[in-house]
Protein chains: 2
Amino acid sequence: MPTETPSAGTVTGARALEHPRREDIRLAEVLHALADPMRLRVVRRLAAAHTELNCADIELPVSRSTCTHHFRVLRENGVIQQIYRGTAKMNALRTEDLEALFPGLIDGVLRAAELQADRLGED
Amino acid sequence: MPTETPSAGTVTGARALEHPRREDIRLAEVLHALADPMRLRVVRRLAAAHTELNCADIELPVSRSTCTHHFRVLRENGVIQQIYRGTAKMNALRTEDLEALFPGLIDGVLRAAELQADRLGED
DNA sequence: CTGGAATTACGATGTTCCTCGTACAATGAA
DNA sequence: TTCATTGTACGAGGAACATCGTAATTCCAG
């Protein structure tokens, strides 16, 4: 645990955001990442947007630290990709990777989410 | 908590196995039920069998009580239906309900599981 | 009625998860 | 450099989960 101040050479700003490689993504972990209403909402927003979204663009009724947590779960399980853009951190679905690994899966989940939302009158 | 001996009229053998009604099944809960390797295996076996299966027919590398636990999670989240057949308890996918609620979802998950199994050389 | 086979219930344990609040770090603008 | 914005790290509390072993329940067959 490096409690010491980072050495001058360390570019702490560019923290390495660890993403699993495509071949390391596991179905059970993807499903687990999707099996939470908050995270499902995030994924739906990202899918609807068709672009990267700032964390702040996706309003969640939870605290910011909780928000960070959910985004991390999505990233660590291979569902989204996160990159820094200046002061913000942009999020995007890993559509290509997921489609290559599990064709149709994400679309199926998204469609199911839409249907349920319609049925329950929620968002 | 009825610790007393069941009255004569109570047919304890036919314990009411509680299943959620179709309209109470939630996507996030279904995904959660599927987001476990053991349970995913159960669902794949049931889907491949096209019939009811005894718990004992689905071999899992865990203890019997753990097995019971997983089957219960699947049932309580609306993925399978369980009924007693004499001394055994039969399990079947709730294909109709799931297809009505989330068309294509289960198939998508099953296909994804197949692909991953092929890719990883596992079962 | 007694035994055997199948499964559950119960209790325990250790782990993971969701949530929060507070303090800190990094970037861009004034 | 200072400030505002944005997001992270850390620690903690409470709930849920996965797993087990043992005891109890239920049904069918002698």
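Residues numbered from 1 in each chain as written. Chains lettered and ligands numbered in written order. Predicted model: local features only at pLDDT ≥ 70, side-chain atom pairs only at ≥ 80, totals over all residues. Heavy atoms only, no water.

1. Digging into the overall build of chain A
When you go through chain A residue by residue, the secondary structure sums to 5 helices and 3 strands. By residue count, 44% of the 123 residues in chain A fall in the buried class. Taking the contacts inside chain A whose residues are at least 6 apart along the sequence as the reference set, 65% of them involve residues at least 24 apart. By element, 50% of the accessible surface of chain A is carried by carbon and sulfur atoms, the whole surface being about 7,200 Å². (Helix = DSSP H or I, 4+ residues; strand = E, 2+ residues; numbered from the N terminus. Buried < 20%, exposed > 50% of the residue type's maximum accessible area, 1.4 Å probe, protein only. Contact = heavy atoms within 4.5 Å. Areas by Shrake-Rupley, 256 points an atom, 1.4 Å probe, with all protein chains shown as cover.)

2. As for the sheet that holds strand S3 (residues 88–93) of chain B
All names here are of chain B. The strand order across the open sheet formed by 3 strands is S1-S3-S2, and the pairing between neighbours is antiparallel. Since the sheet does not close on itself, it has two edges, and those belong to strand S1 (53–54) and strand S2 (80–85), each with one partner. Of the strands in this sheet, S1, S2 and S3 touch helix H2 (residues 37–49), which is tilted by about 85° from S3. Contacts from helix H3 (residues 64–76) reach S2 and S3, with the element oriented near 120° to S2. (Pairing = 2+ DSSP bridges. Axes fitted to C-alpha atoms, helices over the stretch in contact; angles between N-to-C directions.)

3. Considerations on the pairing of strand S3 (residues 88–93) of chain A
Residue and element names in this part refer to chain A. Judged by how many residues are buried, S3 sits mostly within the fold: 6 of 6 residues are covered. Side-chain alternation along S3 places Ala88, Met90 and Ala92 on one buried face and Lys89, Asn91 and Leu93 on a second face that is also buried. Across 2 bridges, strand S1 (residues 53–54) lies against S3 in antiparallel orientation. By the bridge assignment, Leu53 is partnered in S3 with Asn91. Across 6 bridges, the pairing between strand S2 (residues 80–85) and S3 is antiparallel. By the bridge assignment, Ile80 is partnered in S3 with Leu93. Counting the residues between successive antiparallel strands, the hairpin from S2 to S3 contains 2 residues, one of them, Gly86, with a positive phi of roughly 60°.

4. As for the relation of the copies chain A and chain B
Relative to chain B, chain A is turned by 180° and slid 0.0 Å along the rotation axis, the superposed coordinates differing by an RMSD of 0.0 Å. Both copies are brought into coincidence by an operation consistent with a two-fold rotation axis. Interface overlap between copies: 100% of the residues of chain A at the interface are likewise at the interface in chain B, consistent with a symmetric, same-surface contact. (Least-squares fit on C-alpha atoms with pLDDT ≥ 70 in both.)

5. Some thoughts on the side chain of Lys89 of chain A
Tracing the backbone shows Lys89 of chain A in strand S3. Here Lys89 of chain A is in contact with Leu17, Leu53, Asn54, Cys55, Gln82, Ile83 and Tyr84 of chain A, once residues within four sequence places are set aside.

6. Quick word on the nonpolar core
The biggest cluster of nonpolar side chains holds 64 residues, and the ones touching the most others in it are Leu34 and Val79 of chain A together with Leu34 and Val79 of chain B. Residues within four places of Val79 of chain A in sequence aside, it is in contact with Val30, Ala33, Leu34, Val43, Leu74, Ala92, Leu93, Arg94 and Leu98 of chain A. (Core = buried A, V, L, I, M, F, W, Y, C linked by side-chain atoms within 4.5 Å.)

7. Things to note about the UniProt feature "domain: HTH arsR-type" (unreviewed entry) in chain A
When the UniProt feature table is mapped onto this chain, "domain: HTH arsR-type" (unreviewed entry) is found at residues 19–113 of chain A. Secondary structure across residues 19–113 of chain A comprises 53% helix and 15% strand; the distance between its end C-alpha atoms is 25 Å. (UniProt positions renumbered as here; feature names shortened; annotations may be inferred.)

8. Things to note about the environment of Leu46 of chain A
Residue and element names in this part refer to chain A. For Leu46, the location among the structural elements is in helix H2 (residues 37–49). Take Leu46: its relative accessible area is 3%, and that puts it in the buried class. The contact partners of Leu46, leaving out residues within four places of it in the chain, are Thr51, Leu53, Ile58, Ile80, Asn91, Ala92 and Leu93.

9. Side note on the sheet that holds S2 of chain A
Think of a sheet as strands paired side by side through backbone hydrogen bonds, with each pair either parallel or antiparallel. Residue and element names in this part refer to chain A. Strand order in this open sheet of 3 strands is S1-S3-S2, and the pairing throughout is antiparallel. One side of each edge strand has no neighbouring strand; the edge strands of this open sheet are S1 and S2. The strands touched by H2 within the sheet are S1, S2 and S3, with S3 carrying the most contacts at an inclination of about 85°. Across the sheet, helix H3 (residues 64–76) is in contact with S2 and S3; its angle to S2 comes to roughly 120°.

10. Examining H2 of chain A
Counting along an α-helix, one turn takes 3.6 residues, and residues three or four places apart therefore face a common direction. Residues and elements named next belong to chain A. With 13 residues, H2 extends 18 Å from end C-alpha to end C-alpha; this agrees with the ideal 18 Å at 1.5 Å per step. Residues of H2 that are buried include every one of Met38, Arg39, Leu40, Val42, Val43, Arg44, Leu46 and Ala47, and no others. Where H2 begins, the capping side chain belongs to Asp36, and its oxygen is found 2.8 Å from the backbone nitrogen of Met38. (Expected span 1.5 Å × (residues − 1). Polar contact = N/O pair within 3.5 Å; in protein donor to acceptor, adjacent residues only side chain to side chain.)

11. Topic: unusual backbone geometry
Residues and elements named next belong to chain A. You will see that His50, though not glycine, has its phi angle at about 65°, which is positive. Mapping His50 onto the fold places it in the loop between H2 and S1. Look at His50 and you get exposed, because its relative accessible area is 72%.

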